[in-house]
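# Survey of secondary and tertiary structure
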Amino acid sequence: MLKGKTAVVTGASRGIGKAIAVKLAEQGANIVVNYINNKDEADKLVKEFETLGTKALAIQADISDFSQAKNLINRTKEELGAVDILVNNAGITRDGLVMRMTEEDFDRVIEVNLKGVFNCIRHTVPLMVKQRSGRIINITSVAGLLGNPGQANYSAAKAGIIGMTKTLAKEIGSRGITVNAIAPGFIETDMTAELADKLKETIKDSTALGKLGKPENIADAVAFLAGSTGEYITGQVLSVDGGMAF
Ligand code: NAP
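Description of the structure in this document.

Scoring rules and cut-offs
- Residues numbered from 1 in each chain as written.
- Predicted model: local features only at pLDDT ≥ 70, side-chain atom pairs only at ≥ 80, totals over all residues.
- Heavy atoms only, no water.
- Axes fitted to C-alpha atoms, helices over the stretch in contact; angles between N-to-C directions.
- Helix = DSSP H or I, 4+ residues; strand = E, 2+ residues; numbered from the N terminus.
- Parallel < 35°, antiparallel > 145°, perpendicular 65-115°, else oblique.
- Left-handed = near helix turned anticlockwise from the far one by under 90°.
- Contact = heavy atoms within 4.5 Å.
- Nonpolar A, V, L, I, M, F, W, Y, C, P; charged D, E, K, R; others polar.
- Buried < 20%, exposed > 50% of the residue type's maximum accessible area, 1.4 Å probe, protein only.
- Pairing = 2+ DSSP bridges.
- Expected span 1.5 Å × (residues − 1).
- Arc of directions from axis to C-beta.
- Salt bridge = Lys/Arg side-chain N within 4 Å of Asp/Glu carboxyl O.

### A short note on the packing of helix α1 (residues 15-26) against helix α2 (residues 39-51)
- Between α1 and α2, the shortest axis-to-axis distance is 11 Å and the interhelical angle comes to 15°. Here α1 is positioned roughly parallel relative to α2, judged by the angle of their axes. The hand of the α1/α2 crossing is right-handed. Of the residues in α2, those touching α1 at Lys 18, Ala 21, Val 22 and Ala 25 are Glu 41, Leu 45, Glu 48 and Phe 49.
- Among the residues forming the contact of α1 with α2, the class breakdown is five nonpolar, no polar and three charged.

Right under this line is the structure:
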């Protein structure tokens with residue numbers, strides 16, 4: 001259980017981030033729901049968490065911006081007292097084949113999906129080092145492990161997250177902080193809603209379990225790493241993909 005712990009979940013207004021926030025709140029953690037646009041959804045979640053008896057805050061911040069990420073982490077510390085768990089979940093796609101990909105689409109995906117993770121980590125780590133404990137969980141992707149046509153920007157950012165995860169695990173393990181990544185396969189959210197049914201069938205067929213994933217599948221893995229169950233696990237990439245990347 002996570003009673004008394006405070007978790008920041010980036011991109012928690014929808015999809016996988018929302019499921020993670022719900023799961024950690026159900027386990028008793030106080031939650032910061034970060035979002036960029038979707039204030040209504042974030043505020044709704046905060047009310048839901050308050051009825052569970054946990055403290056919750058919605059904080060708008062574009063995590064790709066260093067100073068907004070700083071404000072997200074500092075406000076959490078000021079208003080909830082600590083950052084015990086950081087889940088770097090926020091992410092976007094701007095797909096296109098390399099020979100047609102615009103510089104803007106490449107840059108924006110790197111800014112949000114890779115630099116955004118660095119920004120949140122950069123401001124959180126000093127707090128965790130001081131308290132000599134913490135859990136950092138980064139959401140990467142099967143695309144960062146295997147590559148995926150049309151996602152050179154996204155795959156590069158997600159592979160970068162894996163390098164950052166392993167490096168940081170080595171830098172701060174001695175301070176009682178674990179750093180891991182979770183690599184989802186295909187999970188049904190807004191991000192994947194626009195894909196053609198035929199492609200979804202192909203993806204389903206590429207999994208050993210023969211089905212697509214739910215946001216709750218990722219949330220369960222996050223809760224495992226964030227709880228006492230994750231105490232001796234660091235520097236790992238856990239695939240939660242129905243058996244795609246192995
Ligand atoms: P989603 O449904 O599109 O939700 C994205 C979330 O990120 C939203 O809460 C959004 O906030 C937030 N966000 C976007 N840009 C942001 C920014 N610059 N700063 C702060 N928040 C921002 O995505 P999802 O499918 O849940 O994906 C969540 C994570 O899992 C991403 O990192 C994604 O790459 C990864 N992933 C997903 C899949 C999949 O199949 N779905 C597979 C592998 C990995 P607003 O609501 O305010 O817009």
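### A closer look at the environment of Ser 239
- The topology assignment puts Ser 239 in strand β7 (residues 237-240).
- Taking the C-alpha atoms as reference, Ser 239 lies 9.4 Å from Leu 145; in sequence the two are 94 residues apart.
- Leaving out residues up to four positions away in the same chain, Ser 239 has contacts with Leu 145, Ala 183 and Ala 245.

### What to know about the side chain of Thr 76
- Note on placement: Thr 76 falls in helix α3 (residues 66-80).
- Given a relative accessible area of 0%, Thr 76 falls into the buried group.
- Here Thr 76 is in contact with Thr 6, Val 8, Val 32, Ile 59, Gly 81, Ala 82 and Val 83, once residues within four sequence places are set aside.

### Here we look at the sheet that holds strand β5 (residues 134-139)
- Taken together, seven strands build an open sheet; the order of strands is β3-β2-β1-β4-β5-β6-β7 and the sheet is parallel. The open sheet has two free edges, formed respectively by β3 (56-60) and β7, since each of these has just one partner strand. Sheet twist, expressed as the mean angle between neighbouring strand axes with direction ignored, is 20°.
- As defined by bridge partners, β5 adjoins strand β6 (residues 177-184) across six bridges and the pair is classed as parallel. When the bridges of β6 are listed, Ile 136 appears paired with Val 179.
- Against the sheet, α1 makes contact with β1 (6-9), β2 (30-35), β4 (85-88) and β5, and its axis sits at roughly 175° relative to β1, the strand it touches most.
- Its contacts with the sheet place helix α4 (residues 103-131) against β4, β5 and β6, and it is angled at close to 170° to β4.

### Brief notes about the environment of Thr 102
- Turning to its location among the elements, Thr 102 is positioned in the loop between β4 and α4.
- According to the relative accessible area criterion, Thr 102 is partly exposed, its value standing at 35%.
- Considering only alpha carbons, one finds Thr 102 and Arg 122, 20 residues apart in sequence, at a separation of 29 Å.

### Considering α3
- For α3, built from 15 residues, the straight-helix expectation of 21 Å at 1.5 Å per residue is met to within 8% by its first-to-last C-alpha distance of 21 Å.
- Here α3 has its buried residues at Ala 69, Leu 72, Ile 73, Thr 76 and Leu 80. An end-on view of α3 places all buried positions within 85° of arc, on one side of the element.
- Buried residues in α3 make contact with β1, β2, β3, β4 and α4.

### Thoughts on the pattern of salt bridges
- Per the counting criterion, the structure on display carries nine salt bridges.
- Of the charged contacts, one joins Lys 23 and Asp 220 as a salt bridge, the two residues approaching to 3.1 Å between their closest N and O atoms. Here Lys 23 is found in helix α1, whereas its partner Asp 220 is found in helix α9 (residues 215-226), with 197 residues between them in sequence.
- As a salt-bridge pair, Lys 44 and Glu 41 come within 3.1 Å of each other at their nearest N and O atoms. Here Lys 44 pairs with Glu 41, and both are found in helix α2, just three residues apart, close to one helical turn.
- When salt bridges with common partners are traced through the structure, they connect Lys 18, Glu 41 and Lys 44 into a single cluster.

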